[in-house]
Amino acid sequence: MRIDIITVLPELLKSPFEASILKRAIDKGLVEIHFHNLRDYSSNRYKQVDDYQFGGGAGMVLMIEPIDKCISKLRSQRDYDEIIYLTPDGTTLNQSIANELSLKQNIIMLCGHYKGVDQRVRDVFVTKEVSIGDYVLSGGELAAAVLSDAIIRLLPGVLNDETSALTDTFQDDMLAPPVYTRPADYKGNKVPEVLTSGNFGKIEKWREQKAMERTSKLRPDLLK
Ligand code: 6GU
């Protein structure tokens, strides 16, 4: 997979890809991440990429021309399956969107900023609009990092234990069961006995039951 991220703040985005699972995925060649500074596509000598909105009103809007230039250059080099615009008014990200996107080959992510982008960018170039929740961030960069992480960890070979993404919270519209590690007794707080019983049939049943209890208590909306 290849992800091209278009942003006015590439430096805000780089560090999440330089550690842990995302770094390993890149080092293993399972994903390529390319950052594109929108200012490099400005035709203006001040490297301006935003302007006042027509009709008046507070806040700047990202202009269509630099975005067109950047996307057109990328598209001349390869085909893209999706051009995703990160915006608080997009479809709220969930596991099923992440699963679907993890099957794509080439993705562009366009990070919004200020008041957003000229509507014509959304009409002409964007194929999918994604939000990461009902709150407002200063820009789409952190959302692009979140979306990238959710996608990349699903790529075959990224996680050590191939089955572990399958047992994630949300993967079956269920929260994950509680987990424990050593010591089995910490200051009188004991690990449920079944987990140390060695009876894997019973353990599996217990986990399903706990997942169901947790989901109905904390996220009954998932069970509808
Ligand atoms: Cl994708 N962008 C911004 N600016 N704020 C958000 C968001 C995206 N998702 C939730 N809040």
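Since the model is a prediction, treat every value here as computed from it, not as a measurement.

So, how was this worked out
- Residues numbered from 1 in each chain as written.
- Predicted model: local features only at pLDDT ≥ 70, side-chain atom pairs only at ≥ 80, totals over all residues.
- Heavy atoms only, no water.
- Phe/Tyr/Trp six-rings, centres within 6.5 Å; stacked < 30°, edge-to-face > 60°.
- Helix = DSSP H or I, 4+ residues; strand = E, 2+ residues; numbered from the N terminus.
- Buried < 20%, exposed > 50% of the residue type's maximum accessible area, 1.4 Å probe, protein only.
- Patch = residues over 30% accessible without salt bridge, like charges linked within 9 Å, V, L, I, M, F, W, Y side chains within 5 Å.
- Areas by Shrake-Rupley, 256 points an atom, 1.4 Å probe, with all protein chains shown as cover.
- Salt bridge = Lys/Arg side-chain N within 4 Å of Asp/Glu carboxyl O.
- Core = buried A, V, L, I, M, F, W, Y, C linked by side-chain atoms within 4.5 Å.
- Contact = heavy atoms within 4.5 Å.

Trainee: Mind laying out the packing of aromatic side chains, listing which residues take part and the relevant values?
Mentor: Counting across every chain of the model gives one aromatic pair. With a centroid separation of 5.7 Å and 65 degrees between ring planes, the pair formed by Phe17 and Phe35 is classed as edge-to-face. Linking Phe17 in the loop between helix 1 (10-14) and helix 2 (20-27) with Phe35 in strand 2 (residues 32-37), this pair joins segments that are 18 residues apart in sequence. Exposure remark for Phe17: the relative accessible area of 5% places this residue in the buried category.

Trainee: If you had to explain a nonpolar patch on the surface to someone new, which residues and values would you point to?
Mentor: Judged by side-chain polarity, Leu12, Tyr135, Leu137 and Leu142 come together as a nonpolar surface patch covering roughly 360 Å² of accessible area. Summarising the element assignment, Leu142 is placed in helix 6 (residues 141-152). What makes Leu142 partly exposed here is its relative accessible area of 45%.

Trainee: Report on the nonpolar core, specifying residues and quantitative values.
Mentor: What tends to happen in soluble globular proteins is that the nonpolar side chains get buried as a cluster. Counting 27 residues, the largest nonpolar core has Ile3, Ile5, Val31, Leu86, Met109, Leu147 and Ile152 as the members making the most contacts within it. Mapped by element, the contributors of at least two residues to this core are strand 1 (2-7), helix 2, strand 5 (82-92), helix 4 (95-101), strand 6 (106-111) and helix 6. Not counting residues up to four positions away in its chain, the partners in contact with Ile152 are Ile3, Phe17, Leu22, Ala25, Val31, Ile33 and Val158. Ranked by size, the runner-up nonpolar core spans 19 residues in total, among them Val8, Ile71, Tyr80 and Val126.

Keep in mind these numbers describe shape, not what the thing actually does.
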